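For reference, the chains in residue letters:
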Amino acid sequence: MAREATARSSSGDGVETLAHASAFGGGPPPPSQAEPVISNARLGLMMFIGAEVMFFAGLIGAFLVLRLSSEVWPPPAQPRLPVWITGFNTVVLLCSGLAMHRASLAARLRDRLRLSGWLLATAVLGALFLCIQGYEWVRLIGFGLTMRSGLYGSTFYALIGLHGLHVLGALVWVGVVWFLARQGSYASDQAAGVELCAMYWMFVVALWPVLYGLVYLY
Amino acid sequence: MSEAAASAHADHGHHEPAGFWSHYVFSTDHKMIGRQFLFLGLFMLIIGGTLAMLIRWQLAWPETEVPGMGWVPEPTMYEGIIPPNTYNMLFTMHATIMIFFVVMPVMVGGFGNFLIPIMIGAKDMAFPLLNMLSFWVGAVAGVIMVASFFVVGGAAAGGWTSYTPLTGDAVFTGVNWGINLWVLSLFVLAFSSLMGSINYITTVINMRAPGMTYFRMPLSIWSLFITAILLLLALPVLTAALGMLFFDRVFATNFFLPAGGMPLLWQHLFWFFGHPEVYILVLPAMGVTSDILSVFSRKPIFGYRAMAYSMIAIAFLSWIVWGHHMFLSGMNPLLGTAFMLTTMVIAVPSAIKTFNWLGTLWGGSIRFTVPLLFAIGFVSNFVIGGLSGIFMASTPVDIFIHDTYFIVAHFHYVVAGIIFAMFAAIYFWFPKMFGRMMNSTWGIVHFIGTYIFFNLTFFPMHFLGVGGHMRRIYNPMQYEYLEQFGDMNVFITISAFLLAISQIPFIVNFVWSLFAGEKASENPWEANTLEWSAPSPPPHGNFATTPQVYRGPYEYSVPGVEEDWLPQDRPLGAAAATGH
C-alpha cells in the first residue's frame, strides 16, 4: 500500500516532490526486513569477547604498572617461572586452536566424522594444557611461590589463574559441542553452534601468547 | 527469534494471562522486566534517600539524637546518636545505592528494557532469557548490598570510591565483611550489566523494524545504545579491579597495599571505569529529555544528528579524562594538564546538547505538562552542574576545592539532577507502561516542591565548599573556621527534609494511578515514536504486525499534515504532494 501511495505521488508531481518528501524524512519506501548481516548469537558473543578483552586489559594494565614500578623483576629470592615447559605448553594450546579451526571447517562441510574427531583433538589438547599448567603450579607452590609471596606471586597467579579458568570454561563448552556433534546435532544446516564455540576458543587461545610473553618472558 | 515462535508468543500474551510466576516474576517479556527494574530502583531510592536524611541530620545537629532512631542497636547508633563509623557507612552506602541501585536500574535497566524493543519496532529483546537473568542477577546483587547492613561491623565505610589502602585492609575502617559484601555485590552486578548491555546492543543493531535506520531512531534509543557500549567496555575494568581488591582483602595479596603494591593503582583503575560510569548515568537522562522536549514543544528536535554525534563524542571522550578525579593524588603535573584539556573538551558536546534543547523549545507551541516541566528541570540543573564542572576541570581551581562540598554540590547537580529526567520519563511513559494516566495536578505540586527544595539543598553547598567545608566530615563543628557554616548546614538539612517530603505526592500519585488512574488512550501525548502506536499497555509481542517505519521520530507540525504530529509508521503520500 505504501509503495502504491509513493508511486502515485512521484508519478504525478515528478522529482521535485520526492525531494520535498525526503526533506521531511519521508523518502522512498522502506526496504523489506532483511536478514541481519551478523546473527544475534554471533554478535552477542563478539560483544562478550569485547568485555572479556577489557577485563584482561584491566588486569594486564595493572600488572604492567606494578611490574614497571618494581626496581628488580623478578624479585631476587623468588623461584623463576618455568619458561621452557610453558613454551611447550603454548605450542600445545596453539595446536588446539588449529584443531578447532579444522573442526569448524568440517562443520561447514557437514563432515560429521571429522567434526567430532577434531573437536575431540581440541578438547584433549586443551585438557593437556591445563594439566601441564596445574603440574607447574604444584611445583611452584612447592618451591615457595604463592599468592602471598609479594607482587610477583600474586600477579602471576591472578593473571594465569584467571586465564586458566577461562580455558576451563571454554573446555566445558567444547565438550558439550563434541557430545552434540557425535549425536549428529550439527549434521543439518546448523553449523552456528560449532562456530560460536570455535570463536570463543580462539579468543582463549589468542590471549595466551600475550600472557606468556608478558608474564614469563618479559 | 523465529517468526513462528514470535507469533506463538504473541497469541499467548493476548489471551489468557500466563501463571503468576511466569507472568510477574520470571517473565522474559521486556516490558515486565523493565517494570521490575523500575520498582527495584524506586524501592532502593527510598533506602538511599533515608541514608541521606541521616547524613544531613548529623551535619546540621552533630552528635544529637536522631528522632525516631532510638531503636537502632549499638554499635550502629547510640540511643539515636550517630557515631563516626556509622557516619562513614551512611555516605558510602548512600552513594553506592543511588548510583548502582537507583539510577542504573531505573534509567538503564528500567527504561532501557521497556523502551528499546518497542521504540525500534521489535517484538522483544534479542535474548529474552538473558534479559530475565540480567534482572534476577541484579536483584541478587541488591540483596547482597542491603544484607551488608546487617553483618558484624556494618556495611562498607570506605566511601563509594573505596580508595585503597583504606579499604584494602579491615584494620583501617573497622569494617571487614561489609566491604567484602560490597565488593561481591558489585561483582555480581557486573554480570547483570554485562548481560543487559549485550542484549541492548544486539537488539539495536539487529532487531530494528523495516525502515528504522540508525538515523531514524529516537534519541532515547541512541543514548541507551551508546550507554550500553560504555557499560559493556567500562564495567569489566571495575570487575578486574574489584577482583584484585578482593584478593587483597581475603587472600592477603598486596596489589593495592603500600607493602609492595600500589595504592594509587586502584584510583586509576576505578576512575578508568568511573568516568565512563558518569556518562552511563547521564546519557539516558539526556536521551529521554530530548524526546520529551520535542514532543511537548510540538517541534522537531533541534539538530538531531548533532545530538547523536555529540553523545558519541561524549562517550569517546569519557575514556580519556579519568585523571581529573586525581589531580591531587601526586600525579605528574604535565599529565594533569593533559587531563585538564581533555576534560574541558567535553564541555563542547555538552554545550551542543544544551543549546539544542533550548533551540527545540524556542518558538515551539509548548504544552506545559508534568514530563515537560521535569525535563526542563533536568536541563537547568544540568547547566548548573556542567558549569561547576568546568571549575573543577581546571587544575589550579581544583587544588583549592578538591574534596570539598563544592564537589558534592557539583555531582549532585549532575547525578542527583538525573532524578528530574527519571521523573520526566516516569510521568511520560507511565500511560504506556501501566495503561493509566498519572494525575497532573499532583504532578505539578511534586515538580514545584522537588525543583525548589533541590536547589535550596544543593546550591548552598557551593558556598560551603569554597569556604573549605570538607566533603566527608563527621562533625564540621570541630573546626573553628567551619563554625560560621552551622546555620547554612541547618538550612540545607531542612531543605533536604522538605525535598524528601515533596516526594510524598509522587508516591501517592504513582500508587493511586497504578490502580485507579484514568485509563490511557493509545497515544495520550500525541507523540510520533513507535511505542505510541501499540496499545496501552502493549501486549506480549508489542505489535500486531511488525510496523513499517517511514520517517524520523520528530516530525511535529509538518506543513500540509492535518494534525501537528506524524507517527513514524504512518504511510503518507499526501505530505509529499502538498510540499511546503
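In this report, the structure presented in the accompanying data block is examined. Note that the coordinates shown come from a computational prediction; the quantities given were computed from them, not determined experimentally. (Residues numbered from 1 in each chain as written. Chains lettered and ligands numbered in written order. Predicted model: local features only at pLDDT ≥ 70, side-chain atom pairs only at ≥ 80, totals over all residues. Heavy atoms only, no water.)

### Regarding the packing of aromatic side chains
All told, the structure shown has 74 aromatic pairs over all chains when counted by the stated rule. Between Phe-55 of chain A and Phe-56 of chain A, the aromatic rings sit 5.5 Å apart at their centres with planes inclined by 85 degrees, giving edge-to-face as the arrangement. The same class applies to Phe-55 of chain A as to Phe-56 of chain A, namely buried. Summarising the aromatic geometry, the rings of Tyr-212 of chain A and Tyr-216 of chain A are spaced 5.4 Å apart at their centres and angled 40 degrees between planes, so their arrangement reads as tilted. Residue Tyr-212 of chain A and its partner Tyr-216 of chain A are located together in helix H7 (residues 192-217), separated by four residues, close to a single helical turn. For the pair formed by Tyr-212 of chain A and Tyr-216 of chain A, the shared burial category is buried. A cation sits over an aromatic face here: Arg-208 of chain B above Tyr-214 of chain B, 3.9 Å from the ring centre. Over the ring of Phe-215 of chain B we find Arg-305 of chain B, and its NZ or CZ is 4.0 Å from the ring centre. (Phe/Tyr/Trp six-rings, centres within 6.5 Å; stacked < 30°, edge-to-face > 60°. Buried < 20%, exposed > 50% of the residue type's maximum accessible area, 1.4 Å probe, protein only. Helix = DSSP H or I, 4+ residues; strand = E, 2+ residues; numbered from the N terminus. Lys NZ or Arg CZ within 6 Å of the ring centre and 35° of its normal.)

### Section: a nonpolar patch on the surface
On the surface, a nonpolar cluster with roughly 560 Å² of combined accessible area is contributed by Ile-494, Leu-498, Ile-501, Ile-504, Val-508 and Trp-512 of chain B. In this fold, Val-508 of chain B is placed in helix H19 (residues 504-516). (Patch = residues over 30% accessible without salt bridge, like charges linked within 9 Å, V, L, I, M, F, W, Y side chains within 5 Å. Areas by Shrake-Rupley, 256 points an atom, 1.4 Å probe, with all protein chains shown as cover. Salt bridge = Lys/Arg side-chain N within 4 Å of Asp/Glu carboxyl O.)

### A look at empty space enclosed by the protein
All names here are of chain B. Going through the model one piece at a time under the given rule, you end up with five cavities of 30 Å³ or more. Taken as a whole, the second largest cavity holds about 180 Å³ of empty space. Along the wall of the second largest cavity there are 19 residues; nearest its centre are Phe-37, Met-104, Gly-109, Ser-192 and Ser-193. Counting residues per element, the lining of the second largest cavity draws most heavily on helix H4 (residues 84-119), at seven residues. (1 Å grid on protein atoms, 1.4 Å probe; cavity = no way out; pocket = protein on both sides within 12 Å on 5 of 7 lines; lining within 4 Å. Points joined across faces, edges and corners; volume = space filled by probe spheres on them.)

### Points about the environment of Thr-239 of chain B
Checked against the element boundaries, Thr-239 of chain B lands in helix H8 (residues 219-250). Look at Thr-239 of chain B and you get buried, because its relative accessible area is 8%. In this structure, the C-alpha to C-alpha distance between Thr-239 of chain B and Phe-270 of chain B, residues 31 residues apart in sequence, is 9.5 Å. The contact partners of Thr-239 of chain B, leaving out residues within four places of it in the chain, are Phe-55 of chain A together with Phe-187 and Ala-190 of chain B. Separated by 2.9 Å, the side chain of Thr-239 of chain B and the backbone oxygen of Leu-235 of chain B make a polar contact. (Contact = heavy atoms within 4.5 Å. Polar contact = N/O pair within 3.5 Å; in protein donor to acceptor, adjacent residues only side chain to side chain.)

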